[in-house]
Amino acid sequence: MNQYETNAMAQKFIENGYKIVENCEKADIYVINTCTVTNMSDRKSRQILRRVKENNENAIVVACGCYVQVAKKELEEIPEIDIVLGNNEKKQIISYIEKFIENRIKQNEIQDVMNTKEFVDFGDITFTEKTRAVIKIQDGCDRFCSYCIIPYARGRVRSRNPESIISEISKIADKGIKEVVITGIHIASYGKDFKDDYKLIDLLDEINKIEGIQRIRLGSIEPLLITENFIEKLKKLDKICHHFHLSLQSGCDSTLKRMNRRYTTEQFKTIIKMLRKTYKDVNLTTDIIVGFPGETEEEFKITYEFLKQIKFYKMHIFKYSPRKGTKAAKMEMQISGEIKEERSKKLIELSNKNQKEYNTKYLDREVDVLFEEEKKGVYEGHTQNYIKVYCRSEEIKENEIKKVKCKIAKEDHILAEL
């Protein structure tokens, strides 16, 4: 989401005659698009906002994004900031900056996103990576998991008009981009706010028809999106990547209940079986929170055993951090940092082991790789099921799909040859 909106704002600047410079270069305007998903992201956002004027003390500093949306008082303590914009104000960033240039009066423009009912559409965004474009299809979330601050930073579910999405992807395809990543705060809820019965699967069906696009990758999805009916329709779409990021968070039912996740481990297991039955080469990744309030040693063991059984390709492990304004922050039995660290290490070790085992299965197999960038004669890319591959060859070009043979399996990638 932040990547998409950062690209969108960058394009607004380019369209208005500004030049985008690299992070390390001196600039006249710095835009920090903040994140608030964890305490760490809050801290990093504050550090960058305080430090950025070291490059140019006369620069204009703009703070925008999710941390801005929920931490107005904290930002008042950072004098380096000139303009504060909420999530709904990003689209008008140029007008706010030009207003500041004109009168040099600090601005604080933050709407209450909880009252926002319409999707804020940036229009067609074509400022993107060389080989892959992130496409935002919806905003907001109605789930209110007990640990999560994002619904308060992003508001309720708002879906983007399908015609707008198709228009943007068509223009991106015309530029030669081969892969699109479908993203949002909660893409499983796409279409929930429409009056007709148009859902995510209908949108994917239309995207699948766009000439030039060869891969459609889904961002993080709600597990309960995966039903037999959804799978039956999805498997007919030949451009869908066989990589699904299903956000589990815990492998213990009692922990899931405290988290206000709306599924059980048994339901999750059924979903995994459906995906593995449908796609033989499916790659499954997930997010896990360790040290959630009340997570006993027994509950963690249950989670660990469940994860051993499921065998995700990769698990993104987060140590629980209390978010002010959420139910979990007020829960009793907060877990110590030492225990969180210990549990995190165990799951990272399991994740690394799973990833190496999965990669090893591909030895001497041929796979199609979309090569994304070159460094010192070595090209890096991904298979359609999102295995990272490195290959040295003079016959490869960036943004090109090539068939390679897997030769050496590493922990987080495969070395291959044409």
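Rules used throughout
- Residues numbered from 1 in each chain as written.
- Predicted model: local features only at pLDDT ≥ 70, side-chain atom pairs only at ≥ 80, totals over all residues.
- Heavy atoms only, no water.
- Helix = DSSP H or I, 4+ residues; strand = E, 2+ residues; numbered from the N terminus.
- Rg over C-alpha atoms; globule rule 2.2 N^0.38 Å.
- Contact = heavy atoms within 4.5 Å.
- Areas by Shrake-Rupley, 256 points an atom, 1.4 Å probe, with all protein chains shown as cover.
- Lys, Arg positive; Asp, Glu negative; His and termini not counted.
- Charge placed at Lys NZ, Arg CZ, Asp CG, Glu CD.
- Polar contact = N/O pair within 3.5 Å; in protein donor to acceptor, adjacent residues only side chain to side chain.
- Buried < 20%, exposed > 50% of the residue type's maximum accessible area, 1.4 Å probe, protein only.
- Pairing = 2+ DSSP bridges.
- Right-handed = clockwise from strand over helix to strand, strands pointing away.

Colleague: Break down the overall build of the protein for me, with residues and values.
Modeller: Along the protein, the regular secondary structure elements total 13 helices and 17 strands. Scaling as 2.2 N^0.38, a compact globule of 418 residues should have a C-alpha radius of gyration of about 22 Å, and the protein matches this with 22 Å. Considering only contacts within the protein whose residues lie at least 6 apart along the sequence, 73% involve residues at least 24 apart. Surface summary for the protein: the accessible area is close to 20400 Å², and the carbon and sulfur share equals 48%. A distance of 3 Å separates the average location of the 74 positive side-chain charges in the protein from that of its 68 negative side-chain charges.

Colleague: Tell me what's going on with the side chain of Ser 393, and back it up with residues and numbers.
Modeller: The topology assignment puts Ser 393 in the loop between strand E15 (388–392) and strand E16 (400–409). Among the polar contacts listed, one links the side chain of Ser 393 to the backbone nitrogen of Glu 395, at a separation of 3.0 Å. The residues contacting Ser 393, other than those within four sequence positions of it, are Gly 377, Tyr 379 and Leu 418.

Colleague: Residues and numbers for the pairing of strand E8 (residues 179–183), please.
Modeller: Within E8, five of the five residues are buried, which leaves it mostly tucked inside the rest of the structure. Bridge count between strand E5 (residues 132–136) and E8: five bridges; the pairing is parallel. If you follow Ile 135 over to E8, its bridge partner there is Ile 182. Inspection of the sheet shows E8 paired to strand E9 (residues 215–218) by four bridges, in the parallel sense. Looking at the pairing, Val 180 lines up with Ile 216 of E9. Considered for its hand, the β-α-β crossover made up of E8, helix H8 (residues 200–208) and E9 is right-handed.

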